[in-house]
Amino acid sequence: MVHRRTALAFVLALVGCGGGAPPSAPVAPSGSSDGSNGGVVASGKTVDAAPSRSPSDALVKNWSYGADPTVVVYADLQGLFGSALGANVIKNVVGLAGDLPAESRKCIDDLVPGVREFAMGSSSEGDLTILRFDPAATKRVEACVRLLPDQKQSPAKVAGADVAWSDRDAVLAIAPGVMVNGPQALVESALAGKGSGAGLSRIKLAKDEYLVWSGGDDGMITKGSVLASDERFRVGGTIEFPDESFAKMVQGKVAQGQGMLSAMLPADKSMNDATRARLSKALSCDRNGKQLACSFELVESPADQGRDLGALAAAAVGGVRSYMTSAKSAEAKNTIGRIAKDLVANWESEPVPGKPRAKRKLVSYPAVPKTIPKGVKVTTQAADWKAWAPLHFEMTSPQYYQYEVKAAKDGESAEIIARGDLNGDGKTSQFKVLVKIDRAKQNVLFVSPTIEETDPQE
């Protein structure tokens, strides 16, 4: 669901960009039992609110599920950005939002002081995501969403929304002080303030907790939270499985994950031995019958939390990006292989009348698409592949790469080339395989067993 990805990307970017200096005065909690919506008043300014660790009344009214959803996630973003975590840790893991254009990053960074809270749910009624913010920032939120790379959907009419977009079975809508993503019926009910608060209104954040989640499906029950204080940072949760054997199996997988965490950390001098040992031991899991309790915990000052989480985030982001790039470049390698196979099949087919194989030459096939895609998949049309008809080759699914067959002037050899620009920075990658006619062996077509790669990560 494109909109759900857009909404989540927006919130993750807010978290990634929210590591400014702590406020000079205590930040009011996001929720308030007196219905004041976390201290936000009609003027858009904030005032002190009664301390509370629950979702605001305004958010509860936006929560439009008729019954308890199977999954509930709630985050006190206002409290998070005013905490030691927000001031000392988040800025060090800002690389998590590093793929956003600079203009988007700055736009979202300017919004941080005005965000309040976030909630996400999932049920048979659909997936619902809600972000609440200072009503005075509504136009700026709209402008920031329009800048996000994924925000390419069609405008939609949604009751109660200032602006909305649609994509398949979901809409993304913005109204004063709130952004909602989900099925249109749920979104319109949320904007009308007719929510029941089912499953959300009972949430109570403990001291130093800023995010909690709970869920239950297929016989499993899970819950957990993110906690940050001047002494520690902890992400922890429990999962209760239908039976003990399954819990044992998952425990074994987690143990493998602990080893993978250690292996993921850089072995060079960019990380000292003490930090590497501390992070390797931070992940733990204990099983009690059918229940598995896991946590990642750092017992240290906020400054040290920032240093260690920054190092871990850099390693994780690097690993994920490398994996994603490898997965995308598999398209180029596989497609080159298909083109080579079709070239051989065409070469070994019945000779063209008047052109026995001994006299045939390799020919070029034009680049498709004409322009190298920049960080996005593009869809080509059948007409784009018309010149490739002799090979019976065309791509019907979206592609990251441009493909071309470039024959030598003498027609005795050719290169099958894939060109891409996965990060859209203008520097291209290239994958190339050579094919040539072996005149000494009955004019067979020889395909090189290796693919020549140039800047494959680009």
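Undergrad: In this structure, what is going on with the environment of glycine 193? I would like to understand it.
TA: Positionally, glycine 193 belongs in the loop between α7 (184–191) and β8 (209–217). The class of glycine 193 is partly exposed, set by a relative accessible area of 34%.

Undergrad: Mind showing me how you'd approach the nonpolar core here?
TA: Core analysis: the biggest nonpolar cluster contains 34 residues, and Leu77, Phe133, Val141, Val145, Ile174, Met179 and Phe296 have the highest contact counts within it. Formed by 29 residues, the second largest nonpolar core is a distinct cluster that contains Leu343, Tyr365, Trp385 and Val405.

Undergrad: Hey, could you run me through the packing of aromatic side chains in this one?
TA: Two descriptors summarise a pair of aromatic rings, namely the distance from one centre to the other and the angle between the planes of the rings. Applying the stated criterion across every chain yields a total of seven aromatic pairs. Centroid distance tryptophan 385 to tryptophan 388: 5.1 Å. Interplanar angle 75°. Geometry classified as edge-to-face. We note that tryptophan 385, like tryptophan 388, is buried. Every member of this aromatic cluster is reached through a ring pair, and the members are Tyr365, Trp385, Trp388 and Phe393.

Undergrad: Teacher, can you tell me more about helix α6 (residues 138–147) here?
TA: Inspection of α6 places Thr138, Val141, Glu142, Cys144 and Val145 among the buried residues, and these make up the whole buried set. Viewed along the axis of α6, the buried residues span an arc of 165°, placing them on a single side of the element.

Undergrad: Please clarify how the sheet that holds strand β11 (residues 283–288) should be interpreted in this entry.
TA: By definition, the strands of a sheet pair up through backbone hydrogen bonds, in either a parallel or an antiparallel sense. In spatial order, the strands read β4-β5-β6-β7-β3-β2-β1-β8-β9-β10-β12-β11; together these 12 strands make up an open sheet with antiparallel pairing. The open sheet terminates on both sides in strands that have one partner only, identified here as β4 (154–155) and β11. In the sheet, strand β2 (residues 115–123) pairs with strand β3 (residues 126–133) via eight bridges, with the strands oriented antiparallel. Residue pairing across strands places alanine 119 opposite isoleucine 130, the latter belonging to β3.

Undergrad: Can you walk me through the pairing of strand β9 (residues 220–228) in this structure?
TA: When a strand is regular, its side chains alternate between the sheet's two faces. As paired elements, β8 and β9 share eight bridges and run antiparallel to each other. Residue pairing across strands places glutamate 209 opposite leucine 227, the latter belonging to β9. The pairing of β9 with strand β10 (residues 232–240) spans eight bridges and is antiparallel. Directly across from leucine 227, in β10, lies its bridge partner arginine 234. Count of turn residues in the β9/β10 antiparallel hairpin: three residues.

Undergrad: Sorry if this is basic, but what is going on with the confidence of the model for the protein here?
TA: Put simply, the protein has an average pLDDT of 79, and 76% of its residues get 70 or more. Per-residue pLDDT stays below 50 along residues 15–52; that stretch engages in 78 contacts with residues further than four places along the chain or on separate chains.

Undergrad: Whenever I open this one, the pattern of salt bridges confuses me. Can you help?
TA: Between side chains of opposite charge, pairing is possible as soon as their charged atoms come close. Inspection of every chain in the model, using the stated rule, returns 17 salt bridges. Measuring nitrogen to oxygen at the nearest pair gives 2.8 Å for the salt bridge that ties arginine 278 to aspartate 308. Taken together, the positions of arginine 278 in helix α9 (residues 273–280) and aspartate 308 in helix α10 (residues 302–348) put the pair 30 residues apart, joining distant regions of the chain. Among the residues examined, arginine 278 registers a relative accessible area of 29% and is labelled partly exposed. Judged by its relative accessible area of 0%, aspartate 308 falls in the buried class. The partner of lysine 374 in a salt bridge is aspartate 421, with the nearest N and O atoms 3.4 Å apart. Of this pair, lysine 374 sits in the loop between β13 (365–368) and β14 (401–407) while aspartate 421 is found in the loop between β15 (413–420) and β16 (429–438), placing the two residues 47 residues apart along the sequence. Through salt bridges with shared partners, a single ionic network connects Lys139, Glu142 and Arg146.

Undergrad: What should I look at first to understand the state of the cysteines in this one?
TA: Covalently bonding the sulfur atom of one cysteine to the sulfur atom of another cysteine gives a disulfide. Applying the stated criterion across every chain, the model contains one disulfide. A sulfur-sulfur distance of 1.7 Å marks the disulfide that ties cysteine 285 to cysteine 294. Disulfide cysteine 285-cysteine 294: the torsion about the S-S bond is 105°, which places it as right-handed. Its relative accessible area of 22% is what places cysteine 294 among the partly exposed residues.

Undergrad: Could you clarify how one ought to interpret the pairing of strand β17 (residues 444–447) in this entry?
TA: Looking at chain direction, β16 and β17 are connected through four bridges and run antiparallel. Bridge pairing links lysine 436 to phenylalanine 446 in β17. What sits between β16 and β17 in their antiparallel hairpin is a turn of five residues, with glutamine 442 showing a positive phi close to 55°.

Rules and cut-offs
Residues numbered from 1 in each chain as written. Predicted model: local features only at pLDDT ≥ 70, side-chain atom pairs only at ≥ 80, totals over all residues. Heavy atoms only, no water. Helix = DSSP H or I, 4+ residues; strand = E, 2+ residues; numbered from the N terminus. Buried < 20%, exposed > 50% of the residue type's maximum accessible area, 1.4 Å probe, protein only. Core = buried A, V, L, I, M, F, W, Y, C linked by side-chain atoms within 4.5 Å. Phe/Tyr/Trp six-rings, centres within 6.5 Å; stacked < 30°, edge-to-face > 60°. Arc of directions from axis to C-beta. Pairing = 2+ DSSP bridges. pLDDT = per-residue confidence, 0-100. Contact = heavy atoms within 4.5 Å. Salt bridge = Lys/Arg side-chain N within 4 Å of Asp/Glu carboxyl O. Disulfide = S-S within 2.5 Å.

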